[in-house]
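# What the coordinates show
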Amino acid sequence: MSARDPIADLRRIAFLLERANEATYRVRAFRSAAKALGALPAGAVADRARSGKLTELSGVGDVTARCVVESLAGEEPVYLRRLVATEGTDLDAAAAALRDALRGDCHTHSDWSDGGSPIEEMALAAVELGHEYLVLTDHSPRLTVARGLTAERLRRQLDHVAAVNEALPKGFRILTGIEVDILADGSLDQDEELLARLDVVVGSVHSGLNDDRAKMTRRMLTAIANPHLDILGHCTGRMVSSRPAGVTGPGDRGHRARTRKESDFDADAVFAACAEHGVAVEINSRPERQDPPKRLIRRALEAGCWFAVNTDAHAPGQLDWQRFGCERAALCGVPPNRVVNTWKADRLVKWAHTRR
Ligand SMILES: [Zn+2]
Ligand SMILES: [Zn+2]
């Protein structure tokens, strides 16, 4: 294949990012790289690409260097291909197709912790939405503000879920689970033996969200390497708007109007670890969370991660919020075959357990 023009490719990427209203610093990365390479004499770009010295130039980073290497090899850079693939497509149709492909929801709460409704009502609402399963993920013990379940209460919940499942329509079941706190040292806030019994384990950071970058990265990497963790919940912890009326949740009591910035962590390291350990990255559909932000969804996709489009519903009506997550996933070009809750319940549970 004959080489493409790497500088034109970088500039095209910058243009498409701008048009998609992406963060300025991301656009600038591509524009700066194009400028730095444009200033070199003829042939110098290819020489540097061959000897792996592109990133020694100021303005050229790992991502932009990779694009250049791909261009010179005659391939449309993967980064560009993704942007092109998602622009101009009918996003409404893509989001609807993803929503249609979803068979269940992997992050939901009941009145056993901080949700507003009994398990039975959540399950019936999920049946009405056409789901085949609902993973019940009430909070873990240390999250006392959300009435996190002790080991004892979780054991009782498991018995209760078994009984409720008996009474539910055929073809639907509640899967057992937890939204377990990722503690300060990266360990998970529930007994190992119990985590091993659950169908699906979502792990989230709810405390120490202002940990410095190194500490937060270590903490998340420890949790991701834990074989019990299946899905990394709302990974940045950000709150982009106040909570909808009548909705409460951990860490936000009395602070309904508060927004919260993203936690600081090395996203490339975290997503690489998720891909390596087969941990799915949650796309949290809650309007006030929209977590992770689109630029991180794209990076997780690039890293080869699985995803789970979840509602984090605390009430039955919120189970229909999945479409918000689907819209954001579609904007980032996440294909349905990378989303674990498009799978049937048996496959999902098997996937979660082969990791343990
Ligand atoms: Zn949470
Ligand atoms: Zn939750």
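Please refer to the structure higher up on the page.
Described in the following lines is the structure provided in the data block. Model, not experiment: these values are computed from the prediction.

The secondary structure content of the chain amounts to 14 helices and seven strands. Its C-alpha atoms give the chain a radius of gyration of 22 Å, near enough to 21 Å, the size a compact globule of 356 residues would have. Along the first, second and third principal axes, the C-alpha atoms of the chain reach 75 × 40 × 40 Å. Looking at the 356 residues of the chain, the share that counts as buried comes to 53%.

Listed as protein donors to the zinc ion (ligand 1) are Glu179 (OE), His206 (NE2) and His234 (NE2); their distances from the metal cover 2.1 to 2.2 Å. Between the zinc ion (ligand 1) and the zinc ion (ligand 2) the interatomic distance comes to 3.4 Å, and Glu179 is a ligand of both metals. Pair noted here: Glu179 is in strand E3 (residues 173–181) and His206 is in the loop between strand E4 (200–204) and helix H10 (213–225), with a separation of 27 residues, a long-range link. When sorted by exposure, Glu179 lands in the same class as His206, which is buried.

With that settled, the discussion passes to the sheet that holds strand E1 (residues 104–108). Read from one edge of the open sheet, seven strands run E1-E2-E3-E4-E5-E6-E7, paired in parallel fashion. The strands lining the two open edges of the sheet, one partner per strand, are E1 and strand E7 (307–310). Sheet topology places E4 next to strand E5 (residues 231–232); two bridges connect them, and they run parallel. Looking at E5, one finds that Gly203 is bridged to Leu232. Most of the contacts of helix H13 (residues 322–331) go to strand E6 (residues 280–284), to which it runs at about 115°, and overall it touches E1, E6 and E7.

This paragraph deals with the state of the cysteines. Applying the stated criterion across every chain yields a total of zero disulfides. Take Cys106: it sits in no disulfide, and the sulfur closest to it among the cysteines is that of Cys326, at 12 Å. Given the relative accessible area of 0%, Cys106 is considered buried. Free of any disulfide, Cys305 has its nearest neighbouring cysteine sulfur in Cys274, separated by 5.1 Å. For Cys305, a relative accessible area of 0% puts it in the buried group.

The protein atoms donating to the zinc ion (ligand 2) are His107 (NE2), His109 (NE2), Glu179 (OE) and Asp312 (OD), with metal-donor distances spanning 2.0 to 2.2 Å. Because the angles between the four donor atoms bound to the zinc ion (ligand 2) fall within 82 to 170°, the donor set is best described as irregular. In primary sequence terms, the donor set of the zinc ion (ligand 2) follows H-x1-H-x69-E-x132-D. Overall, His107 belongs to the buried group, its relative accessible area being 0%.

With 61 residues, the main nonpolar core has Ile174, Leu232, Phe271, Phe307 and Val334 as its most contacted residues. Formed by 22 residues, the second largest nonpolar core is a distinct cluster that contains Leu10, Val45, Tyr79 and Leu80.

Take unusual backbone geometry next. The amide bond that connects Asp291 to the next residue, Pro292, takes the cis arrangement and shows omega of 0°. Within the secondary structure layout, Pro292 lies in the loop between E6 and helix H12 (294–303). Here Arg147, not a glycine, exhibits a phi torsion of approximately 50°, which is positive. Non-glycine residue Gln290 carries a positive phi angle of around 40°. Within the secondary structure, Gln290 is located in the loop between E6 and H12.

When you line up the elements, Arg81 lands in helix H5 (residues 78–86). Residues Arg81 and Val240 lie 159 residues apart in sequence; the distance between their C-alpha atoms is 29 Å.

Time to look at the packing of aromatic side chains. Tallying each qualifying case throughout the model produces four aromatic pairs. Consider the rings of Trp306 and Trp343, whose centres lie 5.1 Å apart with planes at 75°: the pair is edge-to-face. With a gap of 37 residues between them, Trp306 in the loop between H12 and E7 and Trp343 in the loop between H13 and helix H14 (345–354) connect regions that are remote in the sequence. Judged by its relative accessible area of 6%, Trp343 falls in the buried class.

Our next topic: the packing of helix H11 (residues 267–277) against H12. Helices that pack against each other are described as a pair by the angle of their axes relative to one another and the distance between those axes. Their axes nearest at 9 Å, the elements H11 and H12 cross at an angle of 45°. Regarding the angle of H11 to H12, the classification is oblique. Judged by the sense of rotation from one axis to the other, the crossing of H11 with H12 is right-handed. Where H11 approaches H12, its residues Ala267, Asp268, Phe271, Ala272 and Ala275 are matched on the opposing element by Leu296, Arg299, Ala300 and Ala303. Across the contact of H11 with H12, the residue classes break down as seven nonpolar, no polar and two charged.

Procedures and definitions
- Residues numbered from 1 in each chain as written.
- Chains lettered and ligands numbered in written order.
- Predicted model: local features only at pLDDT ≥ 70, side-chain atom pairs only at ≥ 80, totals over all residues.
- Heavy atoms only, no water.
- Helix = DSSP H or I, 4+ residues; strand = E, 2+ residues; numbered from the N terminus.
- Rg over C-alpha atoms; globule rule 2.2 N^0.38 Å.
- Buried < 20%, exposed > 50% of the residue type's maximum accessible area, 1.4 Å probe, protein only.
- Donors = N, O, S within 2.8 Å, 3.2 Å for Na, K, Ca; no water.
- Pairing = 2+ DSSP bridges.
- Contact = heavy atoms within 4.5 Å.
- Axes fitted to C-alpha atoms, helices over the stretch in contact; angles between N-to-C directions.
- Disulfide = S-S within 2.5 Å.
- Tetrahedral: all angles 85-135°; square planar, octahedral: opposite > 155°, others 65-115°.
- Core = buried A, V, L, I, M, F, W, Y, C linked by side-chain atoms within 4.5 Å.
- Phe/Tyr/Trp six-rings, centres within 6.5 Å; stacked < 30°, edge-to-face > 60°.
- Parallel < 35°, antiparallel > 145°, perpendicular 65-115°, else oblique.
- Left-handed = near helix turned anticlockwise from the far one by under 90°.
- Nonpolar A, V, L, I, M, F, W, Y, C, P; charged D, E, K, R; others polar.

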